[in-house]
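Tertiary structure, described
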Amino acid sequence: MVYNIEIIRSKRKTLGLEIKPDGRVIARAPMRMKQSEIDKFINEKSAWIEKHLQKLQAAQEQQGAEKLTDADIQELADKALKYIPPRVEYYAKIISVDYGRITIRNQKTKWGSCSAKGNLNFNCLLMLTPPEVIDSVVVHELCHRKEMNHSKCFYDEVLKVYPEYKRWNKWLKDNGNAIMARCF
C-alpha cells in the first residue's frame, strides 16, 4: 500500500513514525539519514502503519466521528475549568508538589503539559474521556514537578500515586486520536 508520508528531519538520532489524529503519517528522521534508509524503514513498517490507520478509522466510527463545533469546544473548556483544577489540587497534595497556573486549551496533539515553572496545561477534550483518564493525565503532569522527564523514576512516581495509570493511559492511546480528530 502507498501512503502519503510527511518526512520531518531534525537533530534526532533515531527514525520514528507517528500517526496524527487527522490520519496523517509522519516519519521523523535524522538530518543526514539517506532517503533510501527512510524508505526502507517505512516499507518495513507498512503493516504497523496500516494497523494503526485502521484502528484510528474504527475508533472514529465508534465515536460517531461527529465534528465538534466551536460552541461544543467552548462548553468542554468551561467544564474542564470547573473539573480539572480541583483534581490538580487533590493530587498535588498527595504527590507533595506545588504548581503554577492551570490553563485549559484545545490542543491538536497533547493531553497535558507541565512547564519548567510548574504551569500546567490540559486539553479541554479530556472532558470527553472517562474521569479515570483525566486523573491519569493530571497525575502524569504533576509528577513532572518531581521528574521533568519520562524516566523509570518518573513512571515509578506516577504508579505509586495512580496504580491504574497504565490501564487508563492505554485507553487514551487507543481512543485519543479519534477524540482529537473530531476537532480538526
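Report follows, based on the coordinates.

Concerning the overall build of the protein chain
Each helix and strand in the protein chain was counted, giving 6 helices and 6 strands. Along its sequence from the N terminus, the protein chain presents helices and strands in the succession β-β-β-α-α-α-β-β-β-α-α-α. Taking all 184 residues of the protein chain together, the buried fraction comes to 41%. For the protein chain, the proportion of contacts with a sequence separation of at least 24, taken over those separated by at least 6, is 55%.

Some details on the sheet that holds strand S1 (residues 5–10)
Strand pairs in the sheet, formed through backbone hydrogen bonds, run parallel or antiparallel to each other. An order of S1-S3-S2 is seen for the 3 strands of this open sheet, with the pairing classed as mixed. Each of the sheet's edge strands pairs with one partner strand only, and the pair in question is S1 and strand S2 (16–19). Ignoring strand direction, the axes of neighbouring strands in this sheet form an average angle of 25 degrees. Note: S2 against strand S3 (residues 25–30), 4 bridges, orientation antiparallel. Its bridge partner being in S3, Ile19 is matched across the sheet by Val25. Against the sheet, helix H1 (residues 35–44) engages S1, S2 and S3, with an angle of about 130 degrees to S1.

Some details on the side chain of Thr129
Its place among the elements puts Thr129 in the loop between strand S6 (120–123) and helix H4 (131–143). A relative accessible area of 8% means that Thr129 is categorised as buried. When near neighbours in sequence (up to four residues on either side) are disregarded, Thr129 contacts Ile134, Trp171, Leu172 and Ile179.

Observations concerning the pairing of S3
The buried fraction of S3 is high, at 5 of 6 residues. Judged from the 6 bridges that link them, S1 and S3 form a sheet pairing that is parallel. Paired with Ser10 across the strands is Pro30, a residue of S3. Counted along the chain from S2 to the antiparallel partner S3, the turn is 5 residues long, and its residue Gly23 has a positive phi close to 95 degrees.

Regarding unusual backbone geometry
Excluding glycine, residues mostly have negative phi values, and the peptide bonds linking residues are mostly trans. Despite not being glycine, Ser96 has its phi angle at roughly 65 degrees, a positive value. Along the chain, the position of Ser96 falls in the loop between helix H3 (70–95) and strand S4 (102–105).

Regarding the pattern of salt bridges
Applying the stated criterion to the full structure yields 12 salt bridges. The partner of Glu157 in a salt bridge is Lys146, and the shortest N-O contact between them spans 3.3 Å. Highlighted residues: Glu157 in helix H5 (residues 152–161) and Lys146 in the loop between H4 and H5, separated in sequence by 11 residues. The partner of Lys170 in a salt bridge is Asp174, with the nearest N and O atoms 2.6 Å apart. Placement of both Lys170 and Asp174 in helix H6 (residues 165–181) is noted, with a separation of 4 residues, approximately one turn of the helix. Of the residues examined, Asp174 reaches a relative accessible area of 26% and is grouped as partly exposed.

The rules we used
- Residues numbered from 1 in each chain as written.
- Predicted model: local features only at pLDDT ≥ 70, side-chain atom pairs only at ≥ 80, totals over all residues.
- Heavy atoms only, no water.
- Helix = DSSP H or I, 4+ residues; strand = E, 2+ residues; numbered from the N terminus.
- Buried < 20%, exposed > 50% of the residue type's maximum accessible area, 1.4 Å probe, protein only.
- Contact = heavy atoms within 4.5 Å.
- Pairing = 2+ DSSP bridges.
- Axes fitted to C-alpha atoms, helices over the stretch in contact; angles between N-to-C directions.
- Salt bridge = Lys/Arg side-chain N within 4 Å of Asp/Glu carboxyl O.

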